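This is what each chain is made of:
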There are 4 protein chains.
Amino acid sequence: MAETGILLLQCPDRKGVVAAVTTFLYERGGNIVHADEHQDQQVKQYFLRLEWDLTDLSCSLARFTDDFASLAREFGMAWNVTRSSARPNVAIFVSKSGHCLADLLFRHQTGELPCRIPLVIGNHEDLRRLSEFYGIPFHFVPTDAEGKATAEATQRELLTEHAVELVVLARYMQVLSDQFVAAYPNRMINVHHSFLPAFIGARPYHRSYERGVKLIGATSHYVTKVLDEGPIIEQDIVRISHRDTLADMIRKGGDAERAVLTRAVLWHVQNRILVYGNKTIVFS
Amino acid sequence: MAETGILLLQCPDRKGVVAAVTTFLYERGGNIVHADEHQDQQVKQYFLRLEWDLTDLSCSLARFTDDFASLAREFGMAWNVTRSSARPNVAIFVSKSGHCLADLLFRHQTGELPCRIPLVIGNHEDLRRLSEFYGIPFHFVPTDAEGKATAEATQRELLTEHAVELVVLARYMQVLSDQFVAAYPNRMINVHHSFLPAFIGARPYHRSYERGVKLIGATSHYVTKVLDEGPIIEQDIVRISHRDTLADMIRKGGDAERAVLTRAVLWHVQNRILVYGNKTIVFS
Amino acid sequence: MAETGILLLQCPDRKGVVAAVTTFLYERGGNIVHADEHQDQQVKQYFLRLEWDLTDLSCSLARFTDDFASLAREFGMAWNVTRSSARPNVAIFVSKSGHCLADLLFRHQTGELPCRIPLVIGNHEDLRRLSEFYGIPFHFVPTDAEGKATAEATQRELLTEHAVELVVLARYMQVLSDQFVAAYPNRMINVHHSFLPAFIGARPYHRSYERGVKLIGATSHYVTKVLDEGPIIEQDIVRISHRDTLADMIRKGGDAERAVLTRAVLWHVQNRILVYGNKTIVFS
Amino acid sequence: MAETGILLLQCPDRKGVVAAVTTFLYERGGNIVHADEHQDQQVKQYFLRLEWDLTDLSCSLARFTDDFASLAREFGMAWNVTRSSARPNVAIFVSKSGHCLADLLFRHQTGELPCRIPLVIGNHEDLRRLSEFYGIPFHFVPTDAEGKATAEATQRELLTEHAVELVVLARYMQVLSDQFVAAYPNRMINVHHSFLPAFIGARPYHRSYERGVKLIGATSHYVTKVLDEGPIIEQDIVRISHRDTLADMIRKGGDAERAVLTRAVLWHVQNRILVYGNKTIVFS
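Residues numbered from 1 in each chain as written. Chains lettered and ligands numbered in written order. Predicted model: local features only at pLDDT ≥ 70, side-chain atom pairs only at ≥ 80, totals over all residues.

1. Some details on the overall build of chain A
Along chain A, the regular secondary structure elements total eight helices and 13 strands. Taken against the 2.2 N^0.38 rule, which gives 19 Å for 284 residues, the C-alpha radius of gyration of chain A at 21 Å falls within 12% of a compact globule. Each principal axis of the C-alpha distribution contributes one length, and for chain A these read about 60 × 40 × 35 Å. Taking all 284 residues of chain A together, 45% fall into the buried category. (Helix = DSSP H or I, 4+ residues; strand = E, 2+ residues; numbered from the N terminus. Rg over C-alpha atoms; globule rule 2.2 N^0.38 Å. Buried ≥ 20, exposed ≤ 12 C-beta atoms within 10 Å, placed from the backbone.)

2. Focus: the pairing of strand β8 (residues 166–169) of chain D
Residues and elements named next belong to chain D. Both strand β5 (residues 89–94) and β8 contribute to a ladder of four bridges, which runs parallel. Across the sheet, Ile-92 pairs through a bridge with Val-168, a residue of β8. Judged from the three bridges that link them, β8 and strand β9 (residues 188–192) form a sheet pairing that is parallel. Bridge pairing links Val-168 to Ile-189 in β9. (Pairing = 2+ DSSP bridges.)

3. Here's the deal with the relation of the copies chain D and chain C
Take chain D, turn it by 180°, move it 0.0 Å along the axis, and it overlays chain C with an RMSD of 0.0 Å. These values place the two chain copies in the arrangement generated by a two-fold rotation axis. Identified as the residue of chain D closest to the rotation axis by C-alpha distance is D:Ala198, at 2.1 Å. Of all interface residues in chain D, 100% are interface residues in chain C too; the two copies therefore contact each other through one and the same surface. (Least-squares fit on C-alpha atoms with pLDDT ≥ 70 in both. Contact = placed C-beta atoms within 7 Å.)

4. Thoughts on the relation of the copies chain B and chain D
With an axial shift of 0.0 Å and an RMSD of 0.0 Å, the rotation relating chain B to chain D amounts to 180°. A share of 100% of the interface residues of chain B reappears at the interface of chain D, consistent with the copies meeting face to face through the same patch.

5. So, the pairing of β5(D)
Of all six residues that make up β5(D), five are buried, and the element is covered over most of its length. Considered for its hand, the β-α-β crossover made up of β5(D), helix α3 (residues 99–110) of chain D and strand β6 (residues 116–122) of chain D is right-handed. (Right-handed = clockwise from strand over helix to strand, strands pointing away.)

6. Some thoughts on the domain arrangement of chain A
Residue and element names in this part refer to chain A. Splitting chain A by domain gives domain 1 (4–83) and domain 2 (89–282). Look at where the C-alpha atoms of domain 1 and domain 2 centre, and you get two points 31 Å apart. Contributions of two or more residues to the side of domain 1 that touches domain 2 are made by β1 (4–12) and β3 (45–53). For the side of domain 1 that touches domain 2, the residue count by class is three nonpolar, four polar and one charged. (Domains from an automatic or database assignment. Nonpolar A, V, L, I, M, F, W, Y, C, P; charged D, E, K, R; others polar.)

7. Side note on the packing of helix α7 (residues 204–211) of chain B against helix α8 (residues 246–269) of chain B
Residue and element names in this part refer to chain B. Following both chains from N to C, one finds α7 and α8 inclined at 125°, their axes separated by 10 Å at the closest point. By the angle class used here, α7 and α8 are oblique. Judged by the twist between their axes, the crossing of α7 over α8 is right-handed. Taking contact as the criterion, the partners of Tyr-205, His-206, Ser-208 and Tyr-209 in α7 are, on α8, Leu-246, Met-249, Ile-250 and Gly-253. Grouping the amino acids of the contact of α7 with α8 by side-chain chemistry returns five nonpolar, three polar and no charged. (Axes fitted to C-alpha atoms, helices over the stretch in contact; angles between N-to-C directions. Parallel < 35°, antiparallel > 145°, perpendicular 65-115°, else oblique. Left-handed = near helix turned anticlockwise from the far one by under 90°.)

8. Quick look at the packing of helix α1 (residues 17–27) of chain C against helix α2 (residues 61–75) of chain C
All names here are of chain C. The N-to-C vectors of α1 and α2 enclose an angle of 180°; their axes lie 11 Å apart at closest approach. Taken as axis vectors, α1 and α2 run roughly antiparallel relative to one another. Taking contact as the criterion, the partners of Val-17, Ala-20 and Phe-24 in α1 are, on α2, Phe-68, Leu-71 and Phe-75.

9. A short note on the interface of chain D and chain C
Taken together, the contacts link 21 residues of chain D with 21 residues of chain C. Elements that contribute at least two residues to the side of chain D that touches chain C include exactly β11 (232–239) and β13 (279–282) of chain D. A class-by-class count of the residues in the side of chain D that touches chain C yields 10 nonpolar, six polar and five charged.

10. Description of the interface of chain B and chain D
On the chain D side, the residues contacting the 15 residues of chain B number 15 residues. In terms of residue class, the side of chain B that touches chain D is built from six nonpolar, seven polar and two charged.

11. Concerning the nonpolar core
Residues A:Ala170, B:Ala170, C:Ala170 and D:Ala170 are the most contacted members of the largest nonpolar core, which totals 302 residues. What A:Ala170 contacts, discounting residues up to four positions off in sequence, is A:Ile92, A:Phe93, A:Val94, A:Cys100, A:Leu101, A:Leu104, A:Val191 and A:Leu261. (Core = buried A, V, L, I, M, F, W, Y, C linked by C-beta atoms within 7 Å.)

12. Things to note about helix α5 (residues 147–161) of chain C
With 15 residues, α5(C) ought to run about 21 Å at 1.5 Å a step, and its terminal C-alpha atoms sit 22 Å apart, in line with that. The first or second residue beyond α5(C) is C:Ala163, which carries a positive phi of 50°. (Expected span 1.5 Å × (residues − 1).)

13. Re the environment of C:Gln235
Checked against the element boundaries, C:Gln235 lands in strand β11 (residues 232–239). Sequence separation between C:Gln235 and C:Ser194 is 41 residues, and the spatial gap between their C-alpha atoms is 8.8 Å. Once residues within four sequence positions are removed from consideration, C:Gln235 is found in contact with C:Phe195, C:Gly217, C:Ala218, C:Thr219, C:Val260, D:Val213, D:Lys214 and D:Leu215.

14. A closer look at the environment of B:Ser194
Looking at the element boundaries, B:Ser194 is found in the loop between β9 (188–192) and α7. The contact partners of B:Ser194, leaving out residues within four places of it in the chain, are B:Phe199, B:Pro204, B:Ser208, B:Gly217, B:Ala218 and B:Thr219.

15. What about unusual backbone geometry?
Omega for the bond connecting A:Leu196 with A:Pro197 falls within 30 degrees of zero, at 5°, which places this linkage in the cis form. Along the chain, A:Pro197 falls in the loop between β9 (188–192) and α7 (204–211). With a phi angle near 60°, C:Arg171 is a residue other than glycine that sits in the positive phi range. Mapping C:Arg171 onto the fold places it in the loop between β8 (166–169) and α6 (178–182). Judged by C-beta crowding, with 21 C-beta atoms within 10 Å, C:Arg171 ranks as buried.

Okay, structure coming up:
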């Protein structure tokens, strides 16, 4: 696979925007290898993800980006350009449950997840061995003993130190402070173990069991200040029946959790997600 | 297919109940052709659906039922016995939207839905033609003009007149009074156009659209006094994306609605459903 | 919804094609409301579906199309332009089984399927009543009595007379001659009642039952000379278990059949499908 | 959870078999906690899985089993009795691909898979580290150098030495000899990376890509002498589109592979599977 440039943009929808962008690219020798776009008629916004072969681009990507800035200004674009070879730094927060972490680390090792994972942070020691097996340093930051504020200070120092660009809460089970959340806007992904907005908050499997639902689900979303209300990235479900105990539901639900979290992280590090309002666009 | 007897029962779980029931059947020459049972360890209840060939039963089914009553008393069973050839009377309530009705009537006509449908009741005239094409008398009972109380009086008279045993709300869009609901306990099935308990109440598709969910769903349930809180019979989902408009969601969701409603009605008229607490057991 | 123009094109992938097309459109005042494209790196082909508001197009669509022809020549495009208001003429062929037909006609009536259906052709009389209820003339063309050749001659006359642009085989159960098939290249859609290429040919449910599969499926595809080998448009599956009899499989499979056939017809009449090699691209 | 006894049986269907078995159990103080049964009307066979609390069984399980033998003889049963606490010895065969192995070992470690895994056998060294991380001895048995016959001799010695009761081929990629297969009848599980019987044999993803299917699948089955023709245990699918490259299909299909293999192994070690003819019954 040749290296590609990836442009992700959003702007008010108006005539000529596609022509302007594609002509800009064509004039610089860019060969599009993948494109996906979206027009939201209701909010009159245009969204684009464009990927082009860097091999025969007639200028450097830095120069390309500089030049693009003025076009972007003209159309009022929010945008960014990255290389497909870029590997963002991702930190994973965990507690005791390892099914999501195991899946993320295995896929990272095989190369399926194109990112760096400089650290795992756990508020229990349970997942140290697993992290270290995959060569990822594990940092134990307890949340009980000295309180959440102290823990968050330590966590944020670690994130800064490792230049972390995406925080993944892999069944972390702790609510982070508004300040912490605000520091990673659209760059902190959580998995909630229900089909949101059903069973927002604590113990969704218990409440699913009580309610007698026939499907259980899981949701990955960006974290915002309001619990479980952030932009949804992915959802999936598992069929259950009256035969399933609470323990069965927790076990089967775990498969949906890891699936939706892994997909969300993959799409984020591939620069496939745009957030607008409280929704996401996931480009194919 | 030979005609079968169907026993549906629930009782406190205790040793010997299965042996007692199956021995009772064996002594009367009954050959089991299908059985499904469930033990709920948490509430210590036993549930059974038993189907046996009536051909070589050594006594009449009436006699069988009389005899079974004393065994049932001994074990504290709630139970009933029906014939597979029985055809319960089902009334369908509709408003303007015909996708659920069309599916129910088509399957009724092919023989897939083993019930009688003596009438369709609509609060608009829109679905008269469809009903009558399938040979089902359509009764127009407006809900606006003279008020809900008058309408319900007329509706209940019609149900009584036709000895209706199951009321199906096929996107009826009206909330029935507590008195009406109370008259059909576990015998009134509604379809809600969301994945309950998400989006309880009005306009679930609009709210799904606003929330930016990635799956939409539908739920069929028995109607109870509390809106959208009755025992869930079946749920299903359809995957959507940022490309789907509200209109797309309504259209795609309609497929899930008719699927879960049709399955619920089928299972009910096949005597496959037991309700306990606020949950259902759907026997295979 | 404003009326739109729809451009569907395929050409060798090369730099500048997107810029050329979108600039062409921009110069004529076209405002893109939906676009989906695809680059197949392996065969080096580019595929595009473009939809733009006709309201403020600065020329007639006829003129637009004429002008586009020279651009198309330059890039070696296979292409066509249609209006979203166009309603292609669709003929439906049936035998005795009505579940696919009922679904197509119901959706046609509600406006969900944007096409004209000037006729239904059946080799049995069974579905006349259903067709006529929906206002579609039914033509009985028996295939047994006078042989297939005579039947096909009659059928082709009917298709010509009604200027039919798409033939839908809705569980028609007869193999059409090569000549007939050749007259409707990529314009004849069949539904096969298996997950192709599993169970090609006759009696797929019987063979699924014998094989003991845990999922059954259905496939809609364009018809080519080789039986069940044409370009696949859509597939879906239904989960089954050891409890399902052959009759259950036929019933449950029917739901998958109508789902994949209806989607295929919808996508075709919305100009969403491009065929290349033996594959389809289905634009979103 | 209290320890349970598990009876798995198959016999010609005749009156009184359920009564006989449940009365036998009742007379020995057994309290049924789970039961699932099946009557196949076509082959006139009866199938049962019964689970009862051992706490208050009035005799030892050994005695129970001895006594049951004569009842079993009377009804011509094929049967076995196990304890829920039993942990069968499972060997996993691998090649280079680790996604199935990683899932099996992770779930084994969490206790979700109730078996012992005394060894992993690989014909490449790639998965030694993963196996040993989970505490499972890894045996490298090359298949190239000295030929398959030598390899099989070594493998079979290892299996005998560790009293292996179930062989799991977790993307092993080698065809085993008839003799080997015959030594583990209904005790060797393979995962095939297609929706069988579609794409039997080599390179199913390549052929799926060529054929242009819209769903890809995976199948777990017991191994028999005829390649990919053994009794199917579980199947699942993943939706794909024209955008998916061969590499995407391999990646996405891998998720279905591990899902169907893990479920098959789980059900086997929980004594949930009965094979008859070339089909399986999977008890709930």
